[in-house]
Structures are given as structure tokens and as C-alpha cells.
Amino acid sequence: MSTKSLFKKIFIASDHAGVELKRHLIERFSDLNFVDLGTHSGDSVDYPDYAKRLCEELEPHLPEACGVLICGSGQGMAMRANRYPFIRAALCWNTEVARLSREHNDANVLCMGARLMDNQTAEKILEVFLATQFSGGRHAGRVDKLRC
């Protein structure tokens with residue numbers, strides 16, 4: 001059974017705290033077109049470097065692609081990613097937040113905290129994020145106001 005995704009390509013990156021969850025998601029959803037941008041070990045790295053790498057790789061592929069960033073809390077990755085005017089990164093800790101971030105905010109980068117959730121929760125969040133469409137309508141004008 002294939003996983004439902006609205007995106008043709010999914011860029012994914014993590015720091016050392018998120019590397020195991022990143023590996024798990026890539027293996028669990030092997031039918032998806034992931035582009036793994038690192039890190040690939042548990043050696044300490046700086047999360048802003050990986051958020052930057054993902055955002056810069058993602059930009060030419062928007063809106064057909066999305067991103068997934070994982071660090072210990074997810075917050076650092078979200079903060080760095082949201083410095084880019086074409087990124088709408090959403091820190092998600094449950095499926096409801098993931099759904100709303102896509103429906104109402106047209107989020108194009110999912111951020112998760114590996115130290116704050118188990119693999120199954122992360123799987124469900126990712127599934128919802130990838131399958132949920134932006135609802136547009138009254139939300140479109142609000143999303144337009146997010147652009148710098």
C-alpha cells in the first residue's frame with residue numbers, strides 16, 4: 001500500500017538529535033520520494049546548518065515539494081526555516097496541528113521534535129501533513145500576509 005502524498009518530492013534533514021527518527025521515517029515510508037540532506041550520524045552538529053540546507057534545496061521545487069526538519073524539540077529548526085520568505089514551517093506535535101498547519105497556513109515544511117514524540121506519533125503526523133490540502137478561501141489572504 002502506498003502512502004498518500006500531495007508532494008512529488010520530500011526533502012528531509014535533521015540534526016544529531018533527530019537522526020534516528022529521520023531514518024525511521026525514510027524506512028517506514030520507503031514508497032515516498034525522500035531526498036535525505038543529513039545529518040547521517042549521531043555526532044553533534046548545528047541544527048541551523050541543516051535547516052538552511054533544506055530550505056535552499058527546497059525552494060526551486062516549490063510548490064510540488066515539501067520539507068521535513070527534525071531536531072530535539074523541532075523549535076530550533078522551525079525558527080531557522082521561517083527566516084526564508086518562501087518557507088512556512090510548522091512545528092507539529094500532533095495530527096490536529098499538522099492538519100491545521102496545512103489547511104489554514106499552507107505550511108510547506110513540517111518540523112518535529114524527536115525528543116518529544118515516539119516513532120508512531122511522528123508517522124501519523126507526517127501522514128496527515130502530506131495528505132492534507134490547503135483549503136484556500138479566506139485563508140489565502142492571510143497566508144499572503146505572511147510573505148515578506
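Residues numbered from 1 in each chain as written. Predicted model: local features only at pLDDT ≥ 70, side-chain atom pairs only at ≥ 80, totals over all residues. Heavy atoms only, no water.

Caption draft 1: Region of interest: the overall build of the protein. Looking only at helices and strands, the protein has six helices and five strands in total. When the elements of the protein are put in sequence order from the N terminus, they spell out β-α-β-α-β-α-β-α-β-α-α. Based on the C-alpha atoms only, the size of the protein along its principal axes is roughly 45 × 35 × 25 Å. Of the roughly 7,600 Å² of accessible surface on the protein, a fraction of 47% belongs to carbon and sulfur atoms. For the protein, the distance from the average site of its 19 positive side-chain charges to the average site of its 19 negative ones is 6 Å. (Helix = DSSP H or I, 4+ residues; strand = E, 2+ residues; numbered from the N terminus. Areas by Shrake-Rupley, 256 points an atom, 1.4 Å probe, with all protein chains shown as cover. Lys, Arg positive; Asp, Glu negative; His and termini not counted. Charge placed at Lys NZ, Arg CZ, Asp CG, Glu CD.)

Caption draft 2: Representation of the pairing of strand E5 (residues 109-113) within the structure. Most of E5 is tucked away, with five of its five residues classed as buried. Here E5 shows two buried faces, one formed by Val109, Cys111 and Gly113 and the other by Leu110 and Met112. Across five bridges, the pairing between strand E3 (residues 65-71) and E5 is parallel. Bridge assignment links Gly67 to a residue of E5, and that residue is Val109. Summarising the sheet, strand E4 (residues 89-91) and E5 pair through three bridges and their orientation is parallel. Each bridged residue has a counterpart across the sheet, and for Ala89 the counterpart in E5 is Val109. Handedness of the E4-helix H4 (residues 95-103)-E5 crossover: right-handed. (Buried < 20%, exposed > 50% of the residue type's maximum accessible area, 1.4 Å probe, protein only. Pairing = 2+ DSSP bridges. Right-handed = clockwise from strand over helix to strand, strands pointing away.)

Caption draft 3: View of the packing of H4 against helix H5 (residues 119-131). Interaxial distance between H4 and H5 falls to 8 Å at its minimum, and their mutual angle equals 20 degrees. Taken together, H4 and H5 sit at an angle that is classed as roughly parallel. As for the relative orientation of H4 and H5, their crossing is right-handed in sense. Facing H4, whose interface residues are Thr95, Ala98, Arg99, Ser101 and Arg102, H5 presents Lys124, Ile125, Val128 and Phe129. Its residues assigned to classes, the contact of H4 with H5 shows four nonpolar, two polar and three charged. (Axes fitted to C-alpha atoms, helices over the stretch in contact; angles between N-to-C directions. Parallel < 35°, antiparallel > 145°, perpendicular 65-115°, else oblique. Left-handed = near helix turned anticlockwise from the far one by under 90°. Contact = heavy atoms within 4.5 Å. Nonpolar A, V, L, I, M, F, W, Y, C, P; charged D, E, K, R; others polar.)

Caption draft 4: A look at the sheet that holds strand E2 (residues 34-36). Reading across from one edge, E2-E1-E3-E5-E4 is the order of the five strands in this open sheet, with parallel pairing throughout. Since the sheet does not close on itself, it has two edges, and those belong to E2 and E4, each with one partner. Going across the sheet, the axis of each strand differs from the next one's by a mean of 20 degrees, ignoring polarity. Across three bridges, the pairing between strand E1 (residues 9-14) and E2 is parallel. Among the inter-strand pairings, Ile12 is bridged to a residue of E2, identified as Asp36. Along the sheet, helix H1 (residues 19-28) contacts E1, E2, E3 and E5; its crossing angle with E1, the most-contacted strand, is approximately 155 degrees. Strands E1, E2, E3 and E5 of the sheet are contacted by H5, whose axis makes an angle of about 170 degrees with E5.

Caption draft 5: How the structure looks around the packing of aromatic side chains. A full pass over the atoms with the stated rule returns one aromatic pair. When the ring of Tyr84 is compared with that of Phe86, the centres are 5.5 Å apart and the planes differ by 55 degrees; the resulting orientation is tilted. You'll find Tyr84 and Phe86 in the same group, each marked buried. In this arrangement the basic side chain of Arg28 is found over the ring face of Phe29, its NZ or CZ atom lying 4.5 Å from the centre. (Phe/Tyr/Trp six-rings, centres within 6.5 Å; stacked < 30°, edge-to-face > 60°. Lys NZ or Arg CZ within 6 Å of the ring centre and 35° of its normal.)

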